[in-house]
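Structure at a glance
If you want the building blocks of each chain, they are given just below.
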Amino acid sequence: MAKKVDSQKAKDAEKARQQAHEALCRRCGVCCHQKVRFGDVVVITDVPCEFLDTATNACTVYPERFIRQPLCSSADVSAATGTLPDDCPYVAGRSDYVAPLRLEDHPEYEPGVNALFPERLAGMKKPPTSAAKCSRSMQRQRKSGGTTL
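Here the structure is a predicted model, which means the values were calculated and not measured. (Residues numbered from 1 in each chain as written. Predicted model: local features only at pLDDT ≥ 70, side-chain atom pairs only at ≥ 80, totals over all residues. Heavy atoms only, no water.)

Focus on the sheet that holds strand E2 (residues 41-48)
Neighbouring strands of a sheet are bound in pairs by backbone hydrogen bonds; such pairs are parallel or else antiparallel. For clarity, the threshold we go by: Pairs of strands are assigned from DSSP output, requiring at least two bridges between the strands. Here a helix means four or more residues in a row that DSSP labels H or I, a strand means two or more in a row labelled E, and each is numbered from the N terminus.
Spatial strand order, E1-E2-E5: 3 strands in an open sheet with mixed pairing. Bordering the open sheet on either side are strand E1 (33-38) and strand E5 (101-102), each of which pairs with just one other strand. Here E2 runs beside E5; their pairing, made up of 2 bridges, is parallel. Within the sheet, the bridge partner assigned to Val 43 lies in E5 and is Leu 101.

Notes on the layout of surface pockets
Note the threshold: For cavity detection a 1 Å grid was placed over the protein atoms alone, and a set of points counts as a cavity when a 1.4 Å probe fits there but cannot get out; an open set counts as a pocket when protein lies on both sides within 12 Å along at least five of seven lines, with lining residues being those that have an atom within 4 Å of a point. Grid points are joined across faces, edges and corners, and a volume is the space filled by probe spheres set on the points. Side-chain classes follow a simple rule in which Ala, Val, Leu, Ile, Met, Phe, Trp, Tyr, Cys and Pro form the nonpolar group, Asp, Glu, Lys and Arg form the charged group, and the remainder, Gly included, forms the polar group.
A volume near 1200 Å³ is recorded for the largest pocket. Cys 31, Cys 32, Cys 72, Ser 73 and Ser 78 are, among the 43 residues lining the largest pocket, the residues nearest its centre. Secondary-structure elements contributing two or more residues to the lining of the largest pocket are helix H1 (2-23), E1, strand E4 (58-59), helix H2 (65-68) and helix H3 (75-81). No other element matches H3, which puts 5 residues into the lining of the largest pocket. Here the residues of the lining of the largest pocket sort into 23 nonpolar, 12 polar and 8 charged.

Here is the structure:
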């Protein structure tokens, strides 16, 4: 009987841990957009995952997301690979975190154009180091050796 009670307590504790972890998400939807790499810089595009409801920023296949969308990754994996935005609660307070840039911060960005034509997106220059935000992120990525998607 004691083993059964301990097993249930462990299950309850794990469920509570998962709920607390999920509660960190603000449902901004940014992490559910495609990312591209410009050399050592990761850029979040304006192309949402096909399963992201852009009106609610909720995943329409959440319980099956890793099966239905092979590019989907957990918050922990996304944090480890530098693909969460810098204001994401999952990376809050991490001084070593190197956030990706947002495509709309790139000076050659044209809403709905670059993302729809990969050859244009691939031809865009790296974000200039003169822009303060781009510069800080690029410097951090260079120091850390870059990230992988």
